[in-house]
Amino acid sequence: MSERDEAMDLQEVSLGDRPRAIPAELPILPLRDTVLFPNSFMPLAVARESSVRLIDEAISSGSLIGVFTQRDASVEEPQQDDLYRVGTASHIHKMFKLPDGSLRLIVQGLSRLTLEQVTDTRPYLRARVSAAAEATNEADHLEVDALLRNIKTNFQQVVSLSPLLSNDLQTLATSIAEPGRLTDFIASSLTTIATSVKQEVLETLDVRTRMDTLNRILVKELEVLELGSRIQSQVQSEVGKNQREYFLREQMKAIQKELGEGDDQTRDVEELQQKIDAAGMPDAVKKEALRELDRLSKMPVAAAEYTVSRTYLDWLITLPWQKRTDEVIDLPKAKAVLDADHTGLAKAKDRILEYLAVRKLNPGVKGPILCFVGPPGAGKTSLARSIAQSLGRKFVRVSLGGMRDEAEIRGHRRTYIGALPGQIVQGLRRAESKNPVFILDEIDKLGSDFRGDPASALLEVLDPEQNSTFRDHYLDVPFDLSEVLFITTANVLDPVPPALRDRMEVLEIPGYTEEEKLAIAREHLVEKQVTNHGLTPDQFTITDAALSAVIRGYTREAGVRNLEREIGALCRKAARRRAEGNLDPLLVTPEIVAEMRGAPIFLDEEMEERTKEPGVAIGLAWTPAGGDVLFVEASRMAGTGTLTLTGQLGEVMKESARAALSWFRAHAAAYGAEPDFFKNAEVHLHVPAGAIPKDGPSAGVTIATALASELTGRPVRGDIAMTGEITLSGRVLPVGGIKEKVLAARRAGIREVILPRQNEKNVKEDLTEALRRELTFHFVQSVHEVLLLALMPGPQASGVKKTDRRVQPRVQ
């Protein structure tokens, strides 16, 4: 059919004030046990493959569909004779795809259709249709008005008696004045009438006849509902009889009690009494438990409060009021356990051993609240587990990540349905000990909303001076937490409220060096992954060179989680190789790593290449995942004295850039630049990568060096990186994250590092001797010293004293 012929075959119908053109041929959607009426919305479930395809094509083309009801719902592939002759032209209003491939639709009925002839059955039904126009007779308007009022009255009574129909339907029906539309609305709203009856209403084109049919249906439905109401009244009288029998049985129980005959409730109360006596509760708690038990004994078992009271007593009884784990403090054994489970982490191990030593000399000392702070995968949680093992205590872990409800810490009050104690009390019940090692994981991920602030609730838990009388909202009795060794973990401390941070002793868990990662992989990770993948050490061996290749080329992290995943990937390749019949032992070398895992993910940038042009300096940055190398690029162009900053810089970093520019403008003449160079120039400062937000003051010296390089025309050395905050007077102030930044410089092939003078102690304390020997460190106090070290040789700076050229002693 040509486009012109098809346009001639379009038939126009009206939905409210919006006329819609109905094509002469439409895709047909068969329905089971459902009738769609015009001017109504209906949700549909579509699962047939042909129907799913029909809907997809109709959505993409924006075309209408014809909806026809099947005569027999069991027919899977209906033909023309299986469909009723009258259906509805419909528009797909919304569609939702489910994971099983089926669809959920909301369709809008537009007008009645007559099915003329099915033209296609594959891939879905298509048929020629024609609009079925309603027939009205103006002479019957009085009779139509009478029927309209009668229908509305009957429908209101049906809605008031039926529990399945919303009262809002009465208001909607009252607001519809058009007889035909009201009839369709009421017929579609009645959920209890048969599909064939609804279809009869749909096929009745004469409005008066349709209203008469619907009125008969409503009268019949009303009779059924009134009969159901009478039956319900009879049932309620039977319930009253049952209640009378219940009271008689309760009297019989009272008589049995007077005669000395026991019952189940009495035995339960006696059993609870014995458990309360044996629980070792403090006097105040035991008094509350006995009061609740007395209340329980006077309650009928069927009462709603009985279960609440019984559950409360069960919680009181099962808590470890006097149960402790006997700890044997053996410092050599504890040190051996910590060293066997973790490589490195010397500071954290020393602090733990110091606590154990004090605990051995004074068993009654209150334990500290330790907070392990470090990047992901550095071993914070496993270190806490090792502490529990070395002490011989039970171990409990609660993850605080995403927790937003204060009741998760303190519990819900018993007035709420389904109330429970908080995670602290629940953890103690699981541990069955009042002195476990209790780890609160991811304390920096706590949230807060209208339900309260969990961080504030932790203030009491993590205060040794207060937690001896911790009161959970559900228990509402004090519990002594002073013997619990609380350990918290966090990736960064910034989100932790100051009051909570003040209650904890912070132990930094820094990132691992390459040698430490190699030792961890060799001693722990390889053996674990080989065993997990069903291999043996004889079948799978990996060399140190291959592990180093994995560490450098396929992971870039402060911890070892990705390293473990990469080793697991190599083990999977080996397992598949053996499963396919190749039983030869596999020795993994760097070449085999490249063959199995492809090209390295991380390639070190050529520092010399990046810095051969003036205006580019190499900085060092700290991230929650470890350290990273940062490039700062500066460019000067003709302009009107403006500074442009790009690269998603935070406010602190922007202020560092302005301070660096101001310092150089004040000392421009000393470095051979024109003092008024900024008057007719624009300076652009960019820090790649532009998609990553950056902030902090530690890039100050790098920004100053990049600006000086660009404005003096002297390139920056490609083998030197730097970090440090600058002041407007040119002083270099100390910064944090020294170990992570130095490790990042080493990974990038940097040979020399410029650090603030006040960070010299961090180098000596945090870095290994091997790392200090491998790199050369310059400790500076002023920007002049930084520029003397970083800029390539050029003309003598007239304003810089020769004494400024002395280089601080290098740490080898």
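Values in this document were obtained by computation on a predicted structure and should not be read as measured data. (Residues numbered from 1 in each chain as written. Predicted model: local features only at pLDDT ≥ 70, side-chain atom pairs only at ≥ 80, totals over all residues. Heavy atoms only, no water.)

### With respect to the nonpolar core
Here is step 1: Residues I443, L458 and L462 are the most contacted members of the largest nonpolar core, which totals 53 residues.
Here is step 2: Residue contributions to this core peak at six residues, all from helix α10 (residues 304-318).
Here is step 3: Apart from residues no more than four positions distant in its own chain, L462 is found in contact with I369, L440, I443, F486, T488, L500, R503 and M504.
Here is step 4: Ranked by size, the runner-up nonpolar core spans 48 residues in total, among them A334, L383, V437 and I509. (Core = buried A, V, L, I, M, F, W, Y, C linked by side-chain atoms within 4.5 Å. Buried < 20%, exposed > 50% of the residue type's maximum accessible area, 1.4 Å probe, protein only. Helix = DSSP H or I, 4+ residues; strand = E, 2+ residues; numbered from the N terminus. Contact = heavy atoms within 4.5 Å.)

### Thoughts on the packing of aromatic side chains
The geometry of two aromatic rings is summed up by the distance between their centres and the angle between their planes.
Here is step 1: Within the structure shown, the criterion is met by seven aromatic pairs.
Here is step 2: Between W663 and Y671, the aromatic rings sit 6.2 Å apart at their centres with planes inclined by 55°, giving tilted as the arrangement. As far as the burial class goes, W663 and Y671 line up, both buried.
Here is step 3: What links up through ring pairs into an aromatic cluster is the set W663, F664, Y671, F677 and F678.
Here is step 4: Note that R414 overlies the ring of Y312, its terminal NZ or CZ placed 3.7 Å from the centroid.
Here is step 5: Here the basic side chain of R429 rests over the ring of W315, its NZ or CZ set 4.0 Å away from the ring centre. (Phe/Tyr/Trp six-rings, centres within 6.5 Å; stacked < 30°, edge-to-face > 60°. Lys NZ or Arg CZ within 6 Å of the ring centre and 35° of its normal.)

### Some details on the sheet that holds strand β10 (residues 395-399)
Whenever strands of a sheet pair, they do so through backbone hydrogen bonds, lying parallel or antiparallel.
Here is step 1: Strand order in this open sheet of five strands is β10-β11-β14-β9-β15, and the pairing throughout is parallel. The sheet terminates laterally at β10 and β15 (505-508), the two strands that pair on one side only. In this sheet, adjacent strand axes meet at a mean angle of 20° when their direction is disregarded.
Here is step 2: Examined bridge by bridge, β10 and strand β11 (residues 437-441) share five bridges and lie parallel to one another. By the bridge assignment for β11, F395 is matched with V437. (Pairing = 2+ DSSP bridges. Axes fitted to C-alpha atoms, helices over the stretch in contact; angles between N-to-C directions.)

### Concerning a nonpolar patch on the surface
Here is step 1: On the surface, a cluster of nonpolar side chains totalling about 250 Å² of accessible area is made up of L227, I231 and V235.
Here is step 2: Along the chain, V235 falls in helix α7 (residues 207-258). (Patch = residues over 30% accessible without salt bridge, like charges linked within 9 Å, V, L, I, M, F, W, Y side chains within 5 Å. Areas by Shrake-Rupley, 256 points an atom, 1.4 Å probe, with all protein chains shown as cover. Salt bridge = Lys/Arg side-chain N within 4 Å of Asp/Glu carboxyl O.)

### Examining the layout of surface pockets
Here is step 1: In this structure, the second largest pocket spans a volume of roughly 620 Å³.
Here is step 2: H342, G377, A378, G379 and S382 are the residues nearest the centre of the second largest pocket, which is lined by 26 residues in total.
Here is step 3: Mapped by element, the contributors of at least two residues to the lining of the second largest pocket are α13 (380-391), α18 (514-532) and α20 (561-579).
Here is step 4: Among the elements that line the lining of the second largest pocket, the one with the most residues is α13, at six residues.
Here is step 5: Across the lining of the second largest pocket, the residue classes tally to six nonpolar, 11 polar and nine charged. (1 Å grid on protein atoms, 1.4 Å probe; cavity = no way out; pocket = protein on both sides within 12 Å on 5 of 7 lines; lining within 4 Å. Points joined across faces, edges and corners; volume = space filled by probe spheres on them. Nonpolar A, V, L, I, M, F, W, Y, C, P; charged D, E, K, R; others polar.)

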